[in-house]
Amino acid sequence: MLAGLRVAARAAPRLRAARLLSSGSHSDFETVRAAVPDTPAGVKAMIQEQVDGNTVMLYMKGTPARPQCGFSQQVCRILHATGVEFASVNVLEDDALREGIKEFSEWPTIPQLYVGGEFVGGCDIVTESFQSGELDEAFKAAGAK
């Protein structure tokens, strides 16, 4: 029992420190959330703008720092391994967006990766493309950094 108390006592300062760091962050580092339109057409237009405005765009569950599913985590790991810069949207923040991206791509699952305005695919396709070198070729063709 005493050993358990020691572990808890050692862990507690780390937790307090983490809370202090996150609460003291500068507003420049906060997540920027776009307002999701009320209509399906508005959601589609917003998605099109995001896909067109970002060379590499990932729609995922969670964020790159905190993926909320294994498939999203796998795609983030691949993107980080390539070193490419990418934008992402957490589809768990809005049901209209989560359904809208599925309709936009005509693909039933998330995550979804777009490169140079083109839909690449979900986790399995991204993984296969990474392993074959096709993903790097797509990044180069799109001018991704």
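Before reading further, recall that the structure is shown in the block above.
Residues numbered from 1 in each chain as written. Predicted model: local features only at pLDDT ≥ 70, side-chain atom pairs only at ≥ 80, totals over all residues. Heavy atoms only, no water.

## Regarding the overall build of the chain
The test is simple: Strands here are runs of E lasting at least two residues and helices are runs of H or I lasting at least four, both read from the DSSP assignment and numbered beginning at the N terminus. Buried residues are those whose accessible area, probed at 1.4 Å on protein chains only, stays under 20% of the maximum for their type, while exposed residues exceed 50% and partly exposed ones sit between those limits. Note on definitions: a residue-residue contact is assigned when non-hydrogen atoms from the two residues lie within 4.5 Å. Exposure was quantified through the Shrake-Rupley algorithm and a 1.4 Å probe, taking into account, for residues, occlusion by the shown protein chains and nothing else.
When helices and strands are tallied, the chain shows 6 helices and 4 strands. The N-to-C order of helical and strand elements in the chain reads α-α-β-α-β-α-β-β-α-α. Looking at the 145 residues of the chain, the share that counts as buried comes to 28%. Partitioning the intrachain contacts of the chain with sequence separation of at least 6 by distance along the chain shows that 60% fall at a separation of at least 24. Carbon and sulfur atoms make up 52% of the accessible area of the chain, which totals about 9500 Å².

## Thoughts on the packing of aromatic side chains
Defined as follows: Here the aromatic set is Phe, Tyr and Trp, taking the six-membered ring for Trp, and pairing holds for ring centres within 6.5 Å; pairs whose planes are under 30 degrees apart are stacked, those over 60 apart are edge-to-face, and all others are tilted.
Applying the stated criterion to the full structure yields 4 aromatic pairs. Ring plane angle 85 degrees and centroid distance 5.9 Å describe the contact between Tyr-59 and Tyr-114, whose orientation is recorded as edge-to-face. Taken together, the residues span a long stretch of sequence, with Tyr-59 in strand E1 (residues 56-60) and Tyr-114 in strand E3 (residues 112-115) at a distance of 55 residues. The class of Tyr-59 is buried, set by a relative accessible area of 0%. Aromatic ring contacts, followed pair by pair, group Tyr-59, Phe-104, Trp-107, Tyr-114 and Phe-119 into a single cluster.

## Some details on the sheet that holds E3
Spelled out, the test is: Two strands qualify as a pair provided DSSP detects at least 2 bridges between them. Axes here refer to lines fitted to C-alpha atoms; in helices the fit is confined to the stretch in contact. Angles between the N-to-C directions go from 0 to 180 degrees.
As summarised here, the arrangement of the 4 strands in space is E2-E1-E3-E4, forming an open sheet in which the pairing is mixed. Because the sheet does not close on itself, it has two edges, and the strands there are strand E2 (87-90) and strand E4 (118-121). Pairwise comparison of adjacent strand axes, ignoring direction, gives a mean angle of 25 degrees for this sheet. Bridge count for E1 against E3 is 4 bridges, and the pairing is antiparallel. Bridged to Leu-58 within E3 is Leu-113. Here helix H6 (residues 134-142) sits on the sheet in contact with E1, E3 and E4, set at roughly 45 degrees to E3.

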